[in-house]
Amino acid sequence: MSDHRPTTETTTDEADVVDLLLRQHALIRDLFDEVETGGDRAGAFRRLVRMLAVHETAEEEIVHPVARRVLDGGEDVIDERLAEEHEAKEMLDRLDQLGPDDPEFDKNLQVLRAAVLAHARSEERYEFTLLRALTNEAERRSMTLGVKAAEAMAPTRPHPGVESATANVLLGPPVAIMDRTRDLIRKAMGTDG
Ligand SMILES: [Fe+2]
Ligand SMILES: [Fe+2]
């Protein structure tokens, strides 16, 4: 898996990690809409799983550790966010096992959606704003690189070249996707030892 490199999808102009994360939160909201109302629910759900796996893993590996260090009361704030992320992953796994055709899927999707969006609001309110104020440009640039490298693995739209290059990373249950994403982020950040 060492041949994974950031692709053209990562060369956006967003230099600030907070802007990047806010855009991902908006994408996640859109993907929930698509799973609920779109024609290709199974495909939209796969894209939602990828986006959530990549987003939450990037936060856990790259963003939360910095916030834990620089925020006043960072330990408590980040412990709460990690507990929410853990809960969301379990819900995501349950949903993945059910699949969109199961009669229980919609009810479970609503619960996950509410939890994920409340979690994102808490991050925006208690973490991201302060992170922007309390970090310097070099710190934010380094976080941006890691988040973009992770994002390159989760195309939210069908994209032939990227799909085939990332196929192995993105197959399987959410937990497996997250584990592989974590490995790739650590490689990109040079923290894989
Ligand atoms: Fe998060
Ligand atoms: Fe988030």
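These numbers come from a predicted model, not from an experiment.

Would you mind showing me how to read the packing of aromatic side chains here?
The way to describe two aromatic rings as a pair is by their centre distance and the angle between their planes. Counted under the stated rule, the structure contains one aromatic pair. Centre to centre, the rings of Phe 45 and Phe 105 are 5.3 Å apart; their planes meet at 85 degrees, and the pair counts as edge-to-face. Of this pair, Phe 45 sits in helix α2 (residues 41–70) while Phe 105 sits in helix α4 (residues 105–134); the two residues are 60 residues apart in sequence, bridging distant segments of the chain. Phe 45 sits in the buried class, given a relative accessible area of 3%.

How do you make sense of the coordination of the iron ion (ligand 2) when you look at a structure like this?
Four donors placed tetrahedrally around a metal ideally meet at 109.5 degrees, and six donors placed octahedrally ideally meet at 90 or 180 degrees. Surrounding the iron ion (ligand 2) are the protein donor atoms His 25 (NE2), His 55 (NE2), Glu 59 (OE) and Glu 123 (OE), at 2.0 to 2.1 Å. With four donor atoms in place around the iron ion (ligand 2) and angles of 79 to 173 degrees between them, the coordination shape is irregular. Each donor residue of the iron ion (ligand 2) belongs to the same chain, and together they define the spacing H-x29-H-x3-E-x63-E. Separating the iron ion (ligand 2) from the iron ion (ligand 1) is a gap of 3.3 Å, bridged by Glu 59, which donates to each. On the criterion of sequence distance, the pair formed by Glu 59 in helix α2 and Glu 123 in helix α4 is long-range, its members being 64 residues apart.

Teacher, can you tell me more about the nonpolar core here?
One broad trend across soluble globular proteins is that nonpolar side chains are buried collectively. Ranked by size, the top nonpolar core spans 22 residues in total, and within it Phe 32, Phe 45, Leu 48, Leu 112 and Val 116 carry the most contacts. For this core, the secondary structure elements donating two or more residues are α1 (17–37), α2, α3 (74–98), α4 and α7 (174–189). At seven residues, the largest contribution of residues to this core is made by α2. The contact partners of Phe 45, leaving out residues within four places of it in the chain, are Val 35, Leu 92, Leu 95, Asp 96 and Phe 105. Counting residues in hydrophobic clusters, the runner-up holds 21 residues, among them Val 18, Val 63, Val 66 and Ala 67.

Each value, and the rule that gives it
Residues numbered from 1 in each chain as written. Chains lettered and ligands numbered in written order. Predicted model: local features only at pLDDT ≥ 70, side-chain atom pairs only at ≥ 80, totals over all residues. Heavy atoms only, no water. Phe/Tyr/Trp six-rings, centres within 6.5 Å; stacked < 30°, edge-to-face > 60°. Helix = DSSP H or I, 4+ residues; strand = E, 2+ residues; numbered from the N terminus. Buried < 20%, exposed > 50% of the residue type's maximum accessible area, 1.4 Å probe, protein only. Donors = N, O, S within 2.8 Å, 3.2 Å for Na, K, Ca; no water. Tetrahedral: all angles 85-135°; square planar, octahedral: opposite > 155°, others 65-115°. Core = buried A, V, L, I, M, F, W, Y, C linked by side-chain atoms within 4.5 Å. Contact = heavy atoms within 4.5 Å.

So yeah, pure geometry; function would need other evidence.
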